[in-house]
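Listed here are the chains, written in short residue letters.
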Amino acid sequence: MIIFDSKGVQVIFRDNTYYLRIDVGHFCPDFAEIEISKEDANQVMQDVMYSTKIVQDYHNKLWGLV
């Protein structure tokens, strides 16, 4: 169930888990769905720009930089 939708950023609550769904494509739509904590979900709903930090942290972990 989508509980937040603003500026191409969605917070989804499914199976007692929160997910951030965001368009990470630059020239064409490419959506990523990242599992996030309840605290991060609340923060995104208060300030949509916080989603950028979540995506950056996710990519850093994915690429082994942290």
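A quick note: this is a predicted structure, and the numbers were derived from the prediction, not measured. (Residues numbered from 1 in each chain as written. Predicted model: local features only at pLDDT ≥ 70, side-chain atom pairs only at ≥ 80, totals over all residues. Heavy atoms only, no water.)

Draft legend 1. Representation of the overall build of the protein chain in the model. When you go through the protein chain residue by residue, the secondary structure sums to two helices and four strands. For the protein chain, the sequential pattern of α-helices and β-strands runs β-β-β-β-α-α. The globule rule puts the C-alpha radius of gyration for 66 residues at 11 Å, and the 12 Å found for the protein chain is close to it. Per-residue burial over the protein chain gives 29% buried out of 66 residues. Taking the intrachain contacts of the protein chain between residues at least 6 apart in sequence as the baseline, contacts between residues at least 24 apart amount to 24%. Of the roughly 4,800 Å² of accessible surface on the protein chain, 51% is carried by carbon and sulfur atoms. (Helix = DSSP H or I, 4+ residues; strand = E, 2+ residues; numbered from the N terminus. Rg over C-alpha atoms; globule rule 2.2 N^0.38 Å. Buried < 20%, exposed > 50% of the residue type's maximum accessible area, 1.4 Å probe, protein only. Contact = heavy atoms within 4.5 Å. Areas by Shrake-Rupley, 256 points an atom, 1.4 Å probe, with all protein chains shown as cover.)

Draft legend 2. View of the pattern of salt bridges. Scanning the model with the defined rule gives two salt bridges in all. Among the ionic pairs, R14 bridges to E33, the shortest N-O distance being 2.3 Å. One end of the pair, R14, is in strand β2 (residues 9–14); the other, E33, is in strand β4 (residues 31–36), with 19 residues separating them in the sequence. On the basis of relative accessible area, R14 is assigned to the partly exposed category, the value being 33%. (Salt bridge = Lys/Arg side-chain N within 4 Å of Asp/Glu carboxyl O.)

Draft legend 3. Just the packing of helix α1 (residues 38–46) against helix α2 (residues 50–62), in detail. Remark: α1 packs on α2, axes separated minimally by 8 Å, with the N-to-C direction vectors making an angle of 140°. Looking at the two axes, α1 sits oblique to α2. Of α2, the residues touching α1 (which contributes D40, Q43 and V44) are Y50, S51 and I54. For the contact of α1 with α2, a count of residues per class yields three nonpolar, two polar and one charged. (Axes fitted to C-alpha atoms, helices over the stretch in contact; angles between N-to-C directions. Parallel < 35°, antiparallel > 145°, perpendicular 65-115°, else oblique. Nonpolar A, V, L, I, M, F, W, Y, C, P; charged D, E, K, R; others polar.)

Draft legend 4. Structural detail: the packing of aromatic side chains. Per the counting criterion, the structure on display carries one aromatic pair. Residue placement shows R14 over the ring face of Y19; its charged tip is 4.5 Å from the ring centre. One cation-aromatic arrangement involves R21 over F31; the distance from NZ or CZ to the ring centre is 4.3 Å. (Phe/Tyr/Trp six-rings, centres within 6.5 Å; stacked < 30°, edge-to-face > 60°. Lys NZ or Arg CZ within 6 Å of the ring centre and 35° of its normal.)

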